[in-house]
Amino acid sequence: MTRSPVALLAALAALLLVLPLFAGSYALSVATLILYFAYTGQAWNVMTGFAGQLSLGHSLYVGVGAYAAGALFYHYGIGPWAGLWIAILLCVLMGLIIGFLAFRFGISGVYFALLTIAFAEFTRIGFDHLDWLGGPGGMFLKVAQRDQIDLANFRGPPVMYYYTMLAFAGGALALCAWLLRSRAGYYWRAIREDEEAARSLGINAFRWKMLAVAISSAMTAVSGVFFAFYYNNLFPEQIFSINRSIELILGPVIGGLGTLFGPILGAAVLTLLSDGLTDLLAALGWEIPGIKQVFYGVVLLLVVMFLPNGIWPALAKRLGIREAEDR
Amino acid sequence: MSWDLVANVVVAGVLTGLVYGLMALGLSVIFGVVRVVNFAHGEMMTIAMYSAVLIFGSLKLDPFLVLLPVAAAFFVFGYVLQTGLINPFITRPEHTQFMLLIALAIIMTNALLMLFGPEARSVQVDYQLESFELGGVLLDKVRLYAASVAVVAAASLFAFFRFTLTGKSIRACADNHLGARVVGLNVKRLYGLTFGLGAACVAVAGCAMVLLVDVTPSLGPYYTLLAFVIVIVGGLGSMTGALLGGVLIGVSEALAGLLIAPSAKSMFSFGLLILVLLLRPQGLLGKRS
Amino acid sequence: MGTPLLEVSGIDKSFRGLQAVARVSFSVEPGHIVALIGPNGAGKTTCFNMIAGTLAPDAGEVRFAGQRIDGLRADRICAAGIGRTFQLVKPFGGLSVLDNVTVGALNREANVPSARRRALGILERLGLADKRRQPAASLTLPDRKRLEVARALATEPRLLLLDEVMAGLRPTETDQMIGFFRKLNEETGLTILLIEHVMRAVMALSREIHVLHHGELIASGSPEEIARHPAVLASYLGEEAL
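Residues numbered from 1 in each chain as written. Chains lettered and ligands numbered in written order. Predicted model: local features only at pLDDT ≥ 70, side-chain atom pairs only at ≥ 80, totals over all residues. Heavy atoms only, no water.

**Examining the packing of aromatic side chains**
The description of an aromatic ring pair uses the distance of the two centres, along with the angle that the planes make with each other. Residue and element names in this part refer to chain B. Under the defined criterion, the tally for this structure stands at 34 aromatic pairs over all chains. Aromatic pair F31 and F228: ring centres 5.9 Å apart, planes at 70 degrees, arrangement edge-to-face. One end of the pair, F31, is in helix α1 (residues 3-34); the other, F228, is in helix α9 (residues 219-234), with 197 residues separating them in the sequence. For the pair F31 and F228, a shared accessibility class is recorded, and that class is buried. Ring geometry for F39 against F98: centres 5.7 Å apart, planes inclined by 90 degrees, an arrangement best described as edge-to-face. With F39 in the loop between α1 and α2 (41-59) and F98 in helix α4 (residues 94-116), the pair connects residues that are 59 residues apart, well separated along the chain. (Phe/Tyr/Trp six-rings, centres within 6.5 Å; stacked < 30°, edge-to-face > 60°. Helix = DSSP H or I, 4+ residues; strand = E, 2+ residues; numbered from the N terminus. Buried < 20%, exposed > 50% of the residue type's maximum accessible area, 1.4 Å probe, protein only.)

**Regarding the sheet that holds strand β9 (residues 208-213) of chain C**
Residue and element names in this part refer to chain C. Strand order in the open sheet made by the 6 strands is β6-β7-β8-β3-β9-β10, with mixed pairing throughout. Unpaired on one side and paired on the other, β6 (82-84) and β10 (216-221) mark the two borders of the sheet. Strand-to-strand twist of the sheet, defined as the mean angle between neighbouring strand axes without regard to direction, takes the value 20 degrees. In this sheet, strand β8 (residues 191-195) lies alongside strand β7 (residues 159-163) in parallel orientation, the contact comprising 5 bridges. Considered in β8, the bridge of L159 is made with T191. (Pairing = 2+ DSSP bridges. Axes fitted to C-alpha atoms, helices over the stretch in contact; angles between N-to-C directions.)

**Quick word on the interface of chain A and chain C**
With 23 residues of chain A in contact, the opposing surface of chain C contributes 29 residues. Each partner contributes to the roughly 2200 Å² buried at the junction of chain A and chain C, and carbon and sulfur atoms together form 56% of this total. Where chain A touches chain C, the interface holds 3 salt bridges. Measuring nitrogen to oxygen at the nearest pair gives 3.8 Å for the salt bridge that ties D99 of chain C to R189 of chain A. (Contact = heavy atoms within 4.5 Å. Buried area = accessible area lost by both parts, 1.4 Å probe. Salt bridge = Lys/Arg side-chain N within 4 Å of Asp/Glu carboxyl O.)

**Let's talk about the packing of helix α4 (residues 80-104) of chain A against helix α9 (residues 205-231) of chain A**
Residue and element names in this part refer to chain A. Two elements in contact, α4 and α9, have axes separated by 7 Å at closest approach and are oriented at 145 degrees. Crossing of α4 over α9 shows right-handed handedness. Of α9, the residues touching α4 (which contributes P80, L84, A87, I88, C91, V92, G95, L96, G99, F100, F103 and R104) are F206, K209, M210, V213, A214, S217, A218, A221, V222, V225 and F229. In terms of residue class, the contact of α4 with α9 is made up of 18 nonpolar, 3 polar and 2 charged. (Left-handed = near helix turned anticlockwise from the far one by under 90°. Nonpolar A, V, L, I, M, F, W, Y, C, P; charged D, E, K, R; others polar.)

If you want it as structure tokens, here you go:
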């Protein structure tokens, strides 16, 4: 029995569209966070899940995107929608540089992952010393009133941020679905499975890997811009930290690496469960720093041990849903 | 900037670097033989450091004195971890193994955070501030002892791999996994022993390091990265390379801290990693390409 | 008899001082099936790798349809019209059988739907169509070999390099494969160069055989000539056995 995911998707979309009508402000912020991680996880998934190039330094693109748009706003009053393009340009450039260096020199697997970590760390420390960007003390963006919607400067009530993130997440899903069905999707997966065999079938592995990196970094730049204008304060230690890099891959890995719905499911499961856990503990009077991360670690451990392909593939099988075009 | 100052900084860097080298030696053994990418290596080191803090706090025992019991405990821990949890992942796709170790690293770092909080802890022995003088250069006693311990531990490990039958069996596994099984070696057990030895190295390095720096939970990821940098720079598969790489990183960190800014010292290490990965991935003394 | 489709001239390859291939020269005429045989370690797969672009020769030339291809990247050589299989099959394990072949078909087809259609057609000719949705990793070895061939064929090669494609097959399966390639060659004129140990297949299919031993070409000729050639027999059976 094979069901199409479209019905499920439509129901989910409808639910998400009307969510602000009955959700309180806390629930709305949690939902926005889930969508943020779903979107960013989707972006990372393009490079790692589809094309098989493990990036453990993706916080680099979040940070560069955030600081690019943030600095333009802070120093020149340039709005986020214009700053977005500069952010994307810079992130794609960084990604292509890393990709070029790695792929030209034949670096893959754990060495590639270490390379991505090294670049992120290098940048983190570098930004700590850039006073024009606020240095270690951070950069703070002016927050105007939150009641009216000022879309040009991306200021407004939480609902505005929610719908924006919803649009991004939906757009990312559509983009990834389209990519998977296209030549890129086939070629990326071939490269991921066996690069040498892929080459023997006429695939220019270098070019297609670069494309994956470019798309992934461009998409992640958008996360960074959102981050800057949502939280309004940026610290190199935080935004480029390896903990952030790990945090944004947890969703796709737990949900299902290389699948379409994995990142979304993973983000939802992790955020909801961990919030539930912290609420429970708070109700019992325990405030323990670090417990949320231990929880993430345990979930990741359990998934890796018992559901190595992630939750979504197992769930989809149960529900009889086929993600791929094989009909 | 006087020569004396630079000389002191360099010597301190060499001594600290030897301890780094021992830590990296543990990773070289684990990564090189068992082929496990131990993303939790630095976290294991940090746990060792906290253990020393706890023991010193409750029993007032110098970390150098408790080296052997701590190393033995870590050996057992490493053996159990490898044979019980990690072993099946050696044959599975790469990224699953990475995620397993990352999960362990996350759990370890944050468990430490939960138990000890984010404030720095340290061990202060009576001779903490004493030093020897050798031709204008001041050698901190703690640093000298730490480095000596590292060298002795490393030498013991060399001897083990060179001269004992078990050691040679382990090297055989590393060279030819299938061949080793064909001749009847119990590869699973040997992998467990190797991981245990790697963990023991880290334990000794941790007990030594705790006298040189303050420990916080966030040191875990930092030391993991540092260990990988050293192993890659020094060359995978080369034990001497690990020690040499450690010294190189120790000295460059010390100099970068002196010449640029203390906060920029690790920037140099990451820059070096990038260069080595691109230009000479087999490292300085590495064998495998 | 015009230009040979494939011309290998004096190619050398050594690995860390060990000479794997030394001054090997042979050619393959269009539409022929030619076999490359020899004991293990003779350098046959190394020759394939140099033709297919996985390795570059240390010396010598490889010409395909008159153009030099030695030293070109593997994907450029596939685009030029050479397809290959691997001695140890390399399926895209996580992808379905159909997806595997579709990847190959995309080499020539402009879009995914037409690539899938052609892939399905090839699967049908190789008897794998009923397994098209299975992940490639779940296939048995004979099916994996068929998949490997299907995938290479999907790239629409003018020359197909088969590396020990009969190894591990049972006699009935071997006969099926022999029949398939013979038919393919007769109907489409596809040129085939095969490395093979299964002598039945070599004798049944090849028009010409080249024999390698310790990296050197020691004999070339028709199947009948090779079967009687003393140097060939010596290389396989050892000098004492003669």
